[in-house]
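# Coordinate analysis (summary)
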Amino acid sequence: MFVVMSHIIGKSFDFGGECGASFFFVLSGFILSYAYGRQVQNGEFRWKQFLKKQLFKFYPLHLVTFLVMVALDARLERYFSWPKLLANALLLQSWVPSDDFYFVANGSSWFLSDLLFFYVVFGVLFMWLNSVSLRKLILVGAAVLGLYVVLAISIPMSMVNPLLYASPATRLLDFALGILLFRFSVSASAGQVERWLSRQSVGCISLIEVLLACWVVFSFFVYERSAIGFRCASMFWGVSPIVLFGFVKTDKLRGMVTRCFHHPVMQWLGSISFEIYLTHWITMRVFYSLLSSAGIGEEGRLGLGVIVATILLISVVSYLTKRFFVDKVYTTLIKYV
């Protein structure tokens, strides 16, 4: 919803897109570690099988949304060069440091370009991050952070998005944070935190969860006052891992926020989050075109009624896409793994 609202509202809520992207990259590293980490450590991880499964989950929908957006652009006589179209179709667009490459057609797919790279390197990266000593990890982390700071303060503003926001090379740091978060979450220190939380009252757990949510809200105000080279990615390194760890450890303790997350509506939205991400641009584009025909311009789109209608329409389209396309295609393709 952060990402969707950033696209509905526009530049004044860039925070939503940048916070959302950071959270999902960290979450991806954590979830993959949780699901496949033991296989990697035991030498049972099958890289080709893993990569095929991930591609079968997202590539068919990426290809369809890509073709639909190209068709919508062609209808408006907006055309792109073959190198740009090919790079986007093959999910290589984020490697080219230019807005003209990674925002072609379905602009949201730049995220998949990064994710595909993370899937390729996951096994090796997980093994190294979980086997290296803490001392060496701190030294390497400090060196990488120093290089990142130098890059963030030295590049021109026009290159911040291509190099710091969308580039797989720099966003790998978010993904690595998710893997490190998993390493910490299964450590003795995390076990002590979990045992302490289990002794607290529901009221105390609820307060902790509210504070975690407030930490995100606080980051919004910090974001508004931060240099652009840091707010597009690195400022969330102190937000996403903390919030994710907090809710992972309070998930079964039935705090107030956790109970909201476990509500059937929230669970349903979570189950179609991938489809929401990939189809919301198309849905908005078609819906806004209809609104324009009815005489409702850009200012009218920011009315509460139109925003609610937009979110509901995006949710319905995403559900239908998952049920009648994504799930059926995946069920068919997974037989070949």
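What counts and what doesn't
By convention here, each chain's residues receive numbers from 1 onward along its written sequence. At least 70 in pLDDT is required for a residue's local features to be given in this predicted model, at least 80 for side-chain atom pairs to be given and counted, and no such filter applies to totals for whole chains, interfaces and linings, which use all residues. Just so you know, side-chain values use all the structure's heavy atoms and leave hydrogens and water out. Only runs of H or I of at least four residues qualify as helices and only runs of E of at least two qualify as strands under DSSP, and these elements are numbered from the N terminus. Two things to know: the radius of gyration comes from C-alpha atoms, and the globule rule equals 2.2 Å times the number of residues to the power 0.38. The contact criterion used throughout is that any non-hydrogen atoms of two residues lie within 4.5 Å. Axis definition: a line fitted to C-alpha atoms, over the contacting stretch in the case of helices. Angles run 0 to 180 degrees between N-to-C directions. Angular relationships are summarised with four words: roughly parallel below 35 degrees, roughly antiparallel beyond 145, roughly perpendicular across 65 to 115, and oblique for the angles in between. Here a crossing is taken to be left-handed if its near helix is turned anticlockwise relative to the far helix by less than a right angle, and right-handed if that turn runs clockwise. Each residue is assigned to one class: nonpolar for Ala, Val, Leu, Ile, Met, Phe, Trp, Tyr, Cys and Pro, charged for Asp, Glu, Lys and Arg, and polar for all the others, Gly among them. Throughout, exposure labels follow a simple rule: accessible area from a 1.4 Å probe, protein chains only, divided by the maximum for the residue type, with under 20% read as buried, over 50% as exposed, and the rest as partly exposed. In this scheme, a helix's expected span is set at 1.5 Å multiplied by one less than its residue total. Values of bend correspond, residue by residue, to the angle between axes fitted over the seven residues ending at that residue and the seven starting there. Grouping buried Ala, Val, Leu, Ile, Met, Phe, Trp, Tyr and Cys residues that are joined through side-chain atoms within 4.5 Å yields what is termed a nonpolar core. What makes a salt bridge here is a side-chain nitrogen of Lys or Arg within 4 Å of a carboxyl oxygen of Asp or Glu, nothing more. A residue counts toward a patch only above 30% relative accessible area and without a salt bridge, and it is joined to like-charged neighbours within 9 Å or, for Val, Leu, Ile, Met, Phe, Trp and Tyr, to nonpolar neighbours within 5 Å. Each accessible area is a Shrake-Rupley result for a 1.4 Å probe, and residues are judged covered by the shown protein chains and nothing else. Two rings from Phe, Tyr or Trp (for Trp, the six-membered ring) form a pair when their centres sit within 6.5 Å of each other. Planes less than 30 degrees apart are called stacked, planes more than 60 degrees apart edge-to-face, and all others tilted. Criterion for a charge above a ring: Arg CZ or Lys NZ at most 6 Å from the ring centre, at most 35 degrees from the ring normal.

### A few points about the overall build of the protein chain
For the protein chain, the helix and strand inventory stands at 18 helices and zero strands. For the protein chain, the C-alpha radius of gyration of 21 Å lies close to 20 Å, the compact-globule estimate for 337 residues. Overall size of the protein chain, expressed as C-alpha extent along the three principal axes, is 60 × 50 × 45 Å. Relative to all contacts within the protein chain whose residues are 6 or more apart in sequence, the contacts with residues 24 or more apart total 75%.

### Points about the packing of helix 10 (residues 188–198) against helix 13 (residues 240–250)
Helix-helix packing is described using two parameters, namely the angle between the two axes and the distance between the axes. Where helix 10 contacts helix 13, the two axes come as close as 10 Å, and the packing angle between them is 55 degrees. Relative to helix 13, the element helix 10 is oriented oblique. Note that helix 10 runs across helix 13; the crossing there is right-handed. On the side of helix 10, the interface is formed by A190, V193, E194 and L197, while helix 13 contributes F245, K249 and T250. Tallied by class, the residues present in the contact of helix 10 with helix 13 amount to four nonpolar, one polar and two charged.

### Here we look at the environment of Y79
Tracing the backbone through its elements, the reader meets Y79 in the loop between helix 3 (47–75) and helix 4 (82–89). On the basis of relative accessible area, Y79 is assigned to the exposed category, the value being 62%. When the C-alpha positions of Y79 and H280 are compared, they lie 21 Å apart, and in sequence the two are 201 residues distant.

### Section: the packing of helix 9 (residues 168–185) against helix 13
Contact geometry for helix 9 and helix 13: axes closest at 11 Å, N-to-C directions at 40 degrees. Judged by the angle between their axes, helix 9 and helix 13 are oblique. Our pair here, helix 9 against helix 13, has a crossing hand that is right-handed. Mapping the contact onto sequence places L177, L181, F184 and S185 in helix 9 and P241, L244, F245 and K249 in helix 13. The class makeup of the residues in the contact of helix 9 with helix 13 is six nonpolar, one polar and one charged.

### A few points about helix 2 (residues 14–41)
Counted at 1.5 Å a residue, the expected span for helix 2 with its 28 residues is 40 Å, and the 39 Å between its end C-alpha atoms agrees. Remark: the principal bend of helix 2, roughly 55 degrees, maps to A35. Note on helix 2: the residue one or two positions beyond its end, G43, has a positive phi of about 75 degrees.

### Some remarks on the nonpolar core
With 49 residues, the main nonpolar core has W110 and F122 as its most contacted residues. Elements with a minimum of two residues in this core: helix 2, helix 3, helix 6 (110–131), helix 7 (134–154), helix 8 (160–165), helix 9, helix 13 and helix 16 (273–293). Apart from residues no more than four positions distant in its own chain, W110 is found in contact with A21, F25, Q93, S94, Y102, F103, Y165, A166, R171 and Y277. Counting residues in hydrophobic clusters, the runner-up holds 24 residues, among them M5, L212, V243 and F247.

### A short note on the pattern of salt bridges
One pass over the full model with this rule turns up six salt bridges. With a closest N to O distance of 3.3 Å, D327 and K322 form a salt bridge. For D327, a relative accessible area of 33% gives the class partly exposed. Taken together, the shared-partner salt bridges in this structure form one network comprising D73, R78 and R285.

### Notes on a nonpolar patch on the surface
A cluster of nonpolar side chains, W268, V316, Y319, L320 and F324, forms an exposed patch at the surface whose accessible area comes to about 450 Å². Top element by residues in the nonpolar patch is helix 18 (residues 304–333). It accounts for four residues. Note on placement: W268 falls in helix 15 (residues 264–271).

### Digging into the packing of aromatic side chains
Throughout the structure, instances matching the rule amount to 38 aromatic pairs. The interplanar angle of 55 degrees and the centroid separation of 5.9 Å between the aromatic rings of F2 and F15 together place this pair among those described as tilted. Taken as a pair, F2 in helix 1 (residues 2–9) and F15 in helix 2 lie far apart in primary sequence, 13 residues in all. Of the residues examined, F2 reaches a relative accessible area of 37% and is grouped as partly exposed. Between F58 and Y119, the ring centres sit 6.1 Å apart and the planes meet at 35 degrees, which makes this aromatic pair tilted. Separated by 61 residues along the polypeptide, F58 in helix 3 and Y119 in helix 6 bring together distant segments of the chain. Each member of the pair, F58 together with Y119, is buried. Lying over the aromatic face of Y223, R231 brings its terminal NZ or CZ to 4.8 Å of the ring centre.

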